[in-house]
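Overview (structure and organization)
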Amino acid sequence: MKTLPILAGLVISTSLAGAASAQTDLSLWYHGAGSANAEEALVNELVEEFNASQSDYVISIETFPQLAYNDAVGAAALAGELPDILDVDGPVMPNWAWAGYMQPLGIDESLLEGFLPGPIGSWNGEIYSVGLWDAAKAMTTRKSTLEKYGIRIPTLDTPWTGDEFNAALQTIAASGDFDYPLDLGMAWKGEWYPYAFSPLLQSFGGDIVDRTTYQTAEGVLNGDEAIAFGEWWQGLFEKGYAPGTSQDAADRETGLIEGKYAISWNGNWAAPAVVEAFGEDAIFLPAPDFGNRPVIGAASWQFGVSATSENPDGARAFIEFAMQDRWFTAFSDGTGLIPPTRSAAADTKFYAEGAPLEAFYGLSEGQALVRPVTPGYIVQAKVFEKALADIADGADVADTLDAAVDEINEDIENNRGYGHN
Amino acid sequence: MATVTSDNRGLRLWTRYAVLILVAVIFVFPLLFMVMSSFKPSTQLLLDSKSLRAFLPVGDLSLQNYTDAFIRAPIGVFVFNSVLVTGVTVVLCLFVCSLAAFAFVFIDWSGKAVIFSVLLATLIIPYETIFIPLLLMASQLPWIGADGFELGWLNTYRVQIVPFIADALSIFLFVQFFKDLPKELIEACRVEGASWWTIYRKVVMPLSGPVIATAAILKFLFMYNQFLWPLMVVQEESIRPVMVGLGYFTDQLNVPWGEVMAYLTIITVPVLAFYLALQRVFIASVASTGVK
């Protein structure tokens, strides 16, 4: 008599095991291990909901510290151990696509209608990755400061001209009320330099590389416009308008709030602290227009499908699942980052109409330009960073930019043009 | 004359101590900075770094950085992994390398000199230069475990241990030490009929305390500080070592320096404990062999 229940149990457990094994396992690598904000928890929540929403796929997450993430992906690609779904920084994506780490996304592109340009990762005419958020920068200051010195408050439609901006810095510097009129964030290194400062170069009419072909930096990084930018850049430090490369990291974090700086060139992630400190006196202003047009940087972390994934349909299903306003809103509310669509922004606590950071959405919409979309960007970014730091430290502008152009062109040549169509 | 000599001796003693204290301070200051900073908020830490306050327990002191560090990263897991990987590697390295050195010094076999020269030559090859081919090998190595036969060693403890068991420096240290042992002792054992294994186990190794300590400390430090290799071969958080864990405390722009200092202080404890345990024999080894 005991045999029957045992057999029944075996049959049931075998059936359950069979049902479980019908689900396909997918892996997702995420870069934010140890991140102090809510992003990691939200990614986990997103995956849990996706797993619960259907019975075909089960995604497991492996988190990496951001410092080591790109190297870990490179090593895994070499060993043939890439996951199905990759988390990738927007400007790095073309390099991974070119290197064969990623495959075109192939998702329903109607899902991307109304997206800001930054969260869409395209290269060579194909979309490879999509992000759930974007980041933007602004000239952050106090309304009362500008009013005190009789400086016009610019708008998205009528930003400061280069001359206006320079005059404002001169006026504030002459007052002696601040250690420096402008904080550019020189204490931050690495990707901050191309992300924050190449838009200023682009506003002068230059760029890191010629975007028409991506085969040379000649004429754009060392042309007349770039040299004008370089001289202006160097002047900021020579005239004492901004702290240079030896800026104290603590001052970068708190200098504006402590009254050491009048204006800070900073991202939306730093804005909540400014709002908390200054309330309605805090204002977030568009980038100045130095002649070409006002520009800010764009693009953040995005999801893509690895080239070696045996289940790209499942990976795509997950990414499409994530492309919902409710997730954009949840990430924005949790992390303070900018949602990729206006409809999602309308429901967020930071970017809805009348919300404290609303201005940033308009900035992303109106001024954003993604960093050069080329596999060579990861080298070009480092060359650009060094050139700008050297110029800030007093190096000859034309010679430094010429050297940077030579280095970038040599890298492009060594990599046979990086496979641009 | 006696008084003058005594004064000179006293002056020399004071000078010697003054120099030693100065050198000790130079070596201790970075550690002091790390420990003191681990109790300060990041902003205060950076401000204090411009003055001697950086080395003093002053200002807003608390254990908050330690609390936050434990929330940010599974520090216990990382420390356990590092201690496990390092401990196993050190023990296996001491055994394998001392055996190899024993064969080089005490046993006659053809080609010994050539092979030893080739082995020494590998000392000039940085590990970083062989990591890529090593990674490709590790990703294809076979293994028979609980799940049966499988290919690939990635994401395991063994891939963090096995490639580092044998190394030329440890073998060299043992060879140099074994050469100074009295040959007559070994010959007497052989005459008495002792096997090589018995001589190794009961005669040579019991006399090799100083070199064992030196090799163990050097290997321990090398393994405990591993970053690039585990970064390449380990993707699962549950088997990550402490140095990769340091990455949890940085992102693209912001570094919570107070938490970094707290983390560094915590992960320094096993190193200090290991050194203090072997300090006496290590110093004896340095004094007797001049090897550092």
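Comments concerning the overall build of chain A
- What chain A contains, in helices and strands, is 16 helices and 13 strands.
- Since a compact globule built from 421 residues should have a radius of gyration of about 22 Å, the 24 Å found for chain A is in line with a globular shape.
- With the C-alpha coordinates aligned to their principal axes, the bounding extent of chain A is approximately 100 × 50 × 35 Å.
- By residue count, 55% of the 421 residues in chain A fall in the buried class.
- Surface accessibility of chain A: about 16,500 Å² in total, with carbon and sulfur atoms responsible for 50%.
- Mean positive and mean negative side-chain charge positions of chain A (20 and 61 charges, respectively) differ by 5 Å.

Details of the domain arrangement of chain A
Residues and elements named next belong to chain A.
- Parsing chain A into structural domains produces domain 1 (23-134 + 299-361) and domain 2 (137-295 + 376-419).
- Put simply, the middle of domain 1 and the middle of domain 2, counted by C-alpha atoms, are 28 Å apart.
- Contacts between the two partners involve 15 residues from domain 1 and, on the opposite side, 14 residues from domain 2.
- Both sides of the domain 1 and domain 2 interface together cover about 1,200 Å² of buried area, and 70% of this is carbon and sulfur.
- On the surface where domain 1 and domain 2 come into contact, there are zero salt bridges.
- Applying the counting criterion to the domain 1 and domain 2 interface returns four residue pairs in polar contact (both at pLDDT 80 or more).

Comments concerning the sheet that holds strand β7 (residues 137-142) of chain A
Residue and element names in this part refer to chain A.
- Across the sheet, which stays open at both edges, the four strands sit in the order β8-β9-β7-β10 with mixed pairing between neighbours. Edge positions in the sheet fall to β8 (180-183) and β10 (282-285), since each of these pairs with one other strand and no more. Ignoring strand direction, the axes of neighbouring strands in this sheet form an average angle of 20 degrees.
- By the bridge criterion, four bridges tie β7 to strand β9 (residues 261-267) in an arrangement that is antiparallel. If you follow Thr140 over to β9, its bridge partner there is Ser264.
- Packing against the sheet, helix α6 (residues 162-175) makes contact with β7, β8 and β9, and its axis sits at approximately 135 degrees to β8.
- The sheet contacts of helix α7 (residues 192-204) involve β7 and β9, and relative to β9 the element is tilted by about 110 degrees.

Regarding the environment of Ala136(A)
Residues and elements named next belong to chain A.
- Here Ala136 is to be found in the loop between β6 (126-130) and β7.
- Look at Ala136 and you get buried, because its relative accessible area is 0%.
- In this structure the C-alpha to C-alpha distance between Ala136 and Leu363, which are 227 residues apart in sequence, comes to 6.9 Å.
- When neighbours within four sequence positions are excluded, Ala136 is seen to be in contact with Tyr195, Asn266, Gly267, Asn268, Trp269, Ile296, Ile338, Phe360 and Ser364.

As for the interface of chain B and chain A
- Taken together, the 24 residues of chain B in the interface contact 30 residues of chain A.
- Contact between chain B and chain A buries roughly 2,300 Å² in total, counting both sides, with carbon and sulfur atoms accounting for 62%.
- In this assembly, chain B and chain A are joined by zero salt bridges.
- The interface formed by chain B and chain A includes three residue pairs in polar contact (both at pLDDT 80 or more).
- Listing elements by their share of the side of chain B that touches chain A, those giving two or more residues are α2 (42-48), α6 (127-138) and α12 (228-233) of chain B.
- Among the elements that line the side of chain B that touches chain A, the one with the most residues is α6(B), at three residues.
- Along the lines of polarity and charge, the residues of the side of chain B that touches chain A split into 11 nonpolar, seven polar and six charged.

Here we look at the packing of aromatic side chains
- As enumerated under the stated definition, the model contains 57 aromatic pairs over all chains in all.
- Across from the ring centre of Tyr195(A), 4.2 Å away, lies the NZ or CZ of Lys137(A), which sits over that ring.

Rules used throughout
Residues numbered from 1 in each chain as written. Chains lettered and ligands numbered in written order. Predicted model: local features only at pLDDT ≥ 70, side-chain atom pairs only at ≥ 80, totals over all residues. Heavy atoms only, no water. Helix = DSSP H or I, 4+ residues; strand = E, 2+ residues; numbered from the N terminus. Rg over C-alpha atoms; globule rule 2.2 N^0.38 Å. Buried < 20%, exposed > 50% of the residue type's maximum accessible area, 1.4 Å probe, protein only. Areas by Shrake-Rupley, 256 points an atom, 1.4 Å probe, with all protein chains shown as cover. Lys, Arg positive; Asp, Glu negative; His and termini not counted. Charge placed at Lys NZ, Arg CZ, Asp CG, Glu CD. Domains from an automatic or database assignment. Contact = heavy atoms within 4.5 Å. Buried area = accessible area lost by both parts, 1.4 Å probe. Salt bridge = Lys/Arg side-chain N within 4 Å of Asp/Glu carboxyl O. Polar contact = N/O pair within 3.5 Å; in protein donor to acceptor, adjacent residues only side chain to side chain. Pairing = 2+ DSSP bridges. Axes fitted to C-alpha atoms, helices over the stretch in contact; angles between N-to-C directions. Nonpolar A, V, L, I, M, F, W, Y, C, P; charged D, E, K, R; others polar. Phe/Tyr/Trp six-rings, centres within 6.5 Å; stacked < 30°, edge-to-face > 60°. Lys NZ or Arg CZ within 6 Å of the ring centre and 35° of its normal.

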